[in-house]
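Observations on the three-dimensional arrangement
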Amino acid sequence: MKPKGIVIKSIIAILMLLCACSNGKTDTEEMSLPTFGTQNAINQEEGCDLEMFAPQIDKAISLNGTEGFQQTDIINVEPYYTTSGKQYSGTDSTSGLSWGISQCIFNGKNYYLLKEYSEPMAQFCQRYEILEVDPKTKAHSIIVEKPDVYWLNEFFACGKYLYWVEYHNQIEGAEGENYPVYRIVQYDLETKREKLLGERDGRRYDEICLAVDENYVTWYDSLWDEKTKEGTHSLIIYNVKNQEFADTPESIKVQKYAAFERLPVYDQGITFFSENEEGDLIVRRMELDTGKLTDLMIGVGPNGRKAVSCFSTKKYIGWLTEYGTGTYYIYVIQSAKLYAINAQDVFSKYCTGDKLYVCDSDKKYMECYDFSNTSVLTYGLGEYTGFRFYEGTADTLFLEMRSLNEQAIGITGIKR
């Protein structure tokens, strides 16, 4: 049985899962995109109320029934690598600590496992190890040890780097106030050296949720004013090639409606909520190479549905209302069609070109919707469920998987 402490931390991790740049001058592309709503107050921290025009929502094509989409035969995929049994969890004979593998990732060359040690029934960990696994021999070697971290999260591998976020306890003042500090780390697999990308005071900042690809590392910085309780949200963009942070235009106003929200790069662009001069809510895409902006106004209103997340490629723009119980809306620019997916059927997603990949952690398959030819591909995962998509190679998307009995973890690849 997996130790309770590991289960608790896994639940927290799942909540977090759910949930050359611009020169400072940007051009906004004027597009004949529809307005989905009416103006109202939008300064709400737990979501922005959306009031969609009923006729437009009625025209949204539901993808849950694959209406208008051609269904193909199921394509079965095999795991590249799995770890289970005594390699998945156990008890350390020296310290007596329970241990378990919480993540398995792949950079196209080697597999990397995040191993955590904790007291029985503890909420957080005593220490962490990062293991490198040789694909041919399956031999494990410890490459990083973290004895002073009570939580290590946001674990990614891409190219020659690993990334993660460390949680440290900081004690301050005569009364010994205890508060968290978040440290964002880049680890060079060639030099075996760590680089600190940032450090944030957990009393004033939201927790850090990373998005990583071979070119960029991105996240939201959400700084909260202790007196007014209002948040200021910034876009953090780290250029991996140049090993430096990019400047983002100060004139761009950023809205963020969920604490555990990522800022992924899809098709060399990021997507975030903003508002225009009239105060209307918009989904905004910014190309990272040119700074070009593309806006889709969706408006706001009083009916209680919340805008919590948004995403886009060069081909479509989308947003989510309500985590878990809401709806994903996808507006395809060329066809001017609006599609909808029930959020209960989406645990993780990945966007690229005309395609949207989705998986549900309760189902033994994942799906790929192709808006260029209105087809849907279904991939069978055997005795596993999809857990997290992340950047792979030029022609392969990686998917981290969990077994249905929660006693194994693995990784596989999906052809783009």
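Residues numbered from 1 in each chain as written. Predicted model: local features only at pLDDT ≥ 70, side-chain atom pairs only at ≥ 80, totals over all residues. Heavy atoms only, no water.

Secondary structure summary: the protein contains two helices and 32 strands in total. Of all 416 residues assigned to the protein, the portion counted as buried reaches 55%. Roughly 18600 Å² of accessible area belongs to the protein as shown, and the carbon and sulfur atoms make up 46% of that amount. (Helix = DSSP H or I, 4+ residues; strand = E, 2+ residues; numbered from the N terminus. Buried < 20%, exposed > 50% of the residue type's maximum accessible area, 1.4 Å probe, protein only. Areas by Shrake-Rupley, 256 points an atom, 1.4 Å probe, with all protein chains shown as cover.)

This brings us to the sheet that holds strand β18 (residues 244-245). The strands that make up a sheet are held in pairs by hydrogen bonds between backbone atoms, and each pair lies either parallel or antiparallel. Within the open sheet, the four strands sit side by side as β15-β16-β17-β18. Their pairing is antiparallel. Looking along the sheet, the strands with just one partner apiece sit at the ends: β15 (211-212) and β18. Pairing of β15 with strand β16 (residues 216-224), which is carried by two bridges, proceeds in the antiparallel orientation. Paired with A211 across the two strands is T218, which belongs to β16. (Pairing = 2+ DSSP bridges.)

We now examine the packing of aromatic side chains. According to the stated counting rule, one finds 26 aromatic pairs in the structure shown. An angle of 70 degrees between the planes, with centres 6.1 Å apart, marks the rings of F69 and Y369 as edge-to-face. Of this pair, F69 sits in the loop between β3 (61-62) and β4 (70-76) while Y369 sits in strand β28 (residues 365-370); the two residues are 300 residues apart in sequence, bridging distant segments of the chain. You'll find F69 and Y369 in the same group, each marked buried. Joined through ring pairs, the aromatic side chains of Y80, Y81, F106, Y111, Y390 and F398 make up one cluster. Its end group placed over the ring of W99, K115 keeps NZ or CZ at 4.2 Å from the ring centre. Cation over ring: R388 sits above F156, and NZ or CZ is 4.4 Å from the ring centre. (Phe/Tyr/Trp six-rings, centres within 6.5 Å; stacked < 30°, edge-to-face > 60°. Lys NZ or Arg CZ within 6 Å of the ring centre and 35° of its normal.)

The next subject is the sheet that holds strand β8 (residues 111-118). Taken together, five strands build an open sheet; the order of strands is β6-β7-β8-β9-β10 and the sheet is antiparallel. Each edge of the sheet is formed by a strand with only one pairing partner; in this case those strands are β6 (89-91) and β10 (140-146). Going from strand to strand, the sheet's axes swing by 25 degrees on average, the running direction of each strand aside. Where β8 lies against strand β9 (residues 127-133), seven bridges are found, and the strand directions are antiparallel. Its bridge partner being in β9, Y111 is matched across the sheet by V133. (Axes fitted to C-alpha atoms, helices over the stretch in contact; angles between N-to-C directions.)

One can find K229 in the loop between β16 and β17 (231-239). K229 gets classed as exposed once you look at its relative accessible area, which sits at 59%. Sequence spacing of K229 and R204 is 25 residues, and the spatial spacing of their C-alpha atoms is 9.8 Å.

Attention now moves to the confidence of the model for the protein. Averaged over all residues, the pLDDT of the protein is 83; the fraction at 70 or higher stands at 83%. Of the regions scoring below 50 in pLDDT, residues 1-12 engages in 29 contacts with residues more than four places distant in sequence or in other chains. Here residues 20-55 is a poorly scored stretch, pLDDT under 50, and it has 118 contacts once near neighbours within four places are set aside; other chains count. (pLDDT = per-residue confidence, 0-100. Contact = heavy atoms within 4.5 Å.)

Our focus in this paragraph is the pairing of β9. Judged by how many residues are buried, β9 sits mostly within the fold: six of seven residues are covered. The pairing of β9 with β10 spans six bridges and is classified as antiparallel. Bridge pairing links E132 to S141 in β10. The turn joining β9 and β10, which pair antiparallel and follow one another in sequence, is formed by six residues; a positive phi near 65 degrees is taken by K138.

Time to look at the nonpolar core. Formed by 52 residues in total, the largest nonpolar core has its most connected members in L162, Y163, W164 and L210. The next biggest cluster of nonpolar side chains, apart from the first, holds 37 residues, and it includes Y350, L356, L381 and Y384. (Core = buried A, V, L, I, M, F, W, Y, C linked by side-chain atoms within 4.5 Å.)

With that settled, consider the environment of K349. Positionally, K349 belongs in strand β26 (residues 348-352). Leaving out residues up to four positions away in the same chain, K349 has contacts with Y266, S309, F311, Y328, L356, Y357, V358 and F389.

Burial runs high along strand β30 (residues 384-390): seven of the seven residues are buried. Examined bridge by bridge, β30 and strand β31 (residues 396-403) share six bridges and lie antiparallel to one another. Note that in β31 the partner of Y384 across the bridge is S403.

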